[in-house]
Amino acid sequence: MSEASPWESTMRIGILGSGLMGGKLGTIFARAGHEVVFSYARSEKKLEKLARDAKGKARSGTPGEAAQNADAVLLAVHWLRFDEVLKEAGNLSGKLVVTCSMPMNEDNTELVVADTSSGAEELAKRIPKARVVAAFGTVPSEVLFGVYEAKRKANRPSLVYCGDDRRGKDLAAGLIRDVGFDPVDAGLLRIARFTEPFTMLVAQLAYERTGGPELAYRFERFGK
Ligand SMILES: NC(=O)c1ccc[n+]([C@@H]2O[C@H](COP(=O)([O-])OP(=O)(O)OC[C@H]3O[C@@H](n4cnc5c(N)ncnc54)[C@H](OP(=O)(O)O)[C@@H]3O)[C@@H](O)[C@H]2O)c1
């Protein structure tokens, strides 16, 4: 991975949680030219199929294998699975850890961390030597392939991200661009206290209102 221009480099990315978000983002990362290891699903066959179908440099593995040689990992599991997957992943010191995960209760109806902290900050406390960036969690999985396919068009949708580590954030911004979004740096990781509830609004619009879940958002600045 080149230090000079991180968003033009190929990264080795471990996917921790290969479900709706991890499966799709891992596939897109592989198609964008990154080396991807899919891990953590209930069936090895599913991971193997994801790797085959991604048609890039993708393979399946355990969370430990996914994390071991990775520059970056994507954490895409339910809040209740954090302990297990982090234990299996092993040492994440120095690595970019992109989390799209939300601190939801078991039936995914409410945030269990909010206001005075966020899921992303609680994660960072558990892995203090990692470069934690919150990204991708503010859009539904259903929109990801559509955004990737439209990425050459003008007016890309926005995607907010936040984190405390400058280099980690630059790398994450590159991945966000690779997927087809316009990255919007929202500030320090504590801003996840705002982005996580914002995700609840996006989910409400995607799943509870008309128009369907292929929904993204775009911020525009007017004036000088
Ligand atoms: N889905 C969305 O649109 C969306 C949007 C924004 C944020 N998020 C957040 O992103 C995170 C991931 O969401 P998701 O929708 O991608 O979840 P998901 O589809 O349920 O994926 C979670 C992954 O974890 C695996 N897993 C669960 N229990 C396991 C176990 N006991 N052993 C091994 N693997 C296990 C699942 O395996 P299987 O593949 O076998 O099920 C799956 O691959 C969550 O924190 C969610 O709140 C989701």
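Nothing here was measured: the structure is a model prediction, and the numbers come from that model.

**Student:** What is the right way to read the nonpolar core from this model?
**Tutor:** Generally speaking, nonpolar side chains in soluble globular proteins are found buried as a group. Counting 40 residues, the largest nonpolar core has Phe29, Phe38, Leu96, Phe136 and Phe181 as its most contacted members. With six residues, the top contributor of residues to this core is helix α7 (residues 166–179). Setting aside residues up to four positions removed in sequence, phenylalanine 136 forms contacts with Met21, Leu25, Phe29, Val98, Cys100, Leu159, Leu175, Ile176, Val179 and Phe181. In this structure, Val37, Ala66, Val77 and Ala192 belong to the second largest nonpolar core, which totals 27 residues.

**Student:** Help me understand the site of the ligand, please; the structure alone is not making it clear to me.
**Tutor:** If you check the shell around the ligand, you find 21 residues, and the closest are Met21, Arg42, Lys46, Val77 and Ser141. Summarising the interface, the protein chains cover 78% of the accessible area of the ligand, which totals 880 Å² for the free molecule. For the shell around the ligand, the per-class residue count stands at 11 nonpolar, seven polar and three charged.

**Student:** Quick question: what am I supposed to make of the side chain of serine 101 here?
**Tutor:** Mapped onto the elements, serine 101 comes out in the loop between β5 (96–99) and α5 (119–126). Those residues within four positions of serine 101 in sequence are excluded, and the remaining contacts are Leu75, Ala76, Val77, Phe82 and Glu196.

**Student:** Sorry, what's going on with the pairing of strand β2 (residues 35–39) here?
**Tutor:** For a regular strand, side-chain orientation follows a simple rule: the groups alternate between the two sheet faces. Most of β2 sits out of view: four of its five residues are buried. With five bridges joining them, strand β1 (residues 12–16) and β2 adopt parallel strand pairing. Bridging across to β2, arginine 12 finds its partner in glutamate 35. Read as a crossover between parallel neighbours, the route from β1 over helix α1 (residues 20–31) to β2 is right-handed. The pairing of β2 with strand β3 (residues 57–60) spans four bridges and is parallel. Note that in β3 the partner of valine 37 across the bridge is arginine 59. The handedness of the β2 to β3 crossover, carried by helix α2 (residues 44–54), is right-handed.

About the thresholds
Residues numbered from 1 in each chain as written. Predicted model: local features only at pLDDT ≥ 70, side-chain atom pairs only at ≥ 80, totals over all residues. Heavy atoms only, no water. Core = buried A, V, L, I, M, F, W, Y, C linked by side-chain atoms within 4.5 Å. Buried < 20%, exposed > 50% of the residue type's maximum accessible area, 1.4 Å probe, protein only. Helix = DSSP H or I, 4+ residues; strand = E, 2+ residues; numbered from the N terminus. Contact = heavy atoms within 4.5 Å. Near = heavy atom within 4 Å. Areas by Shrake-Rupley, 256 points an atom, 1.4 Å probe, with all protein chains shown as cover. Nonpolar A, V, L, I, M, F, W, Y, C, P; charged D, E, K, R; others polar. Pairing = 2+ DSSP bridges. Right-handed = clockwise from strand over helix to strand, strands pointing away.

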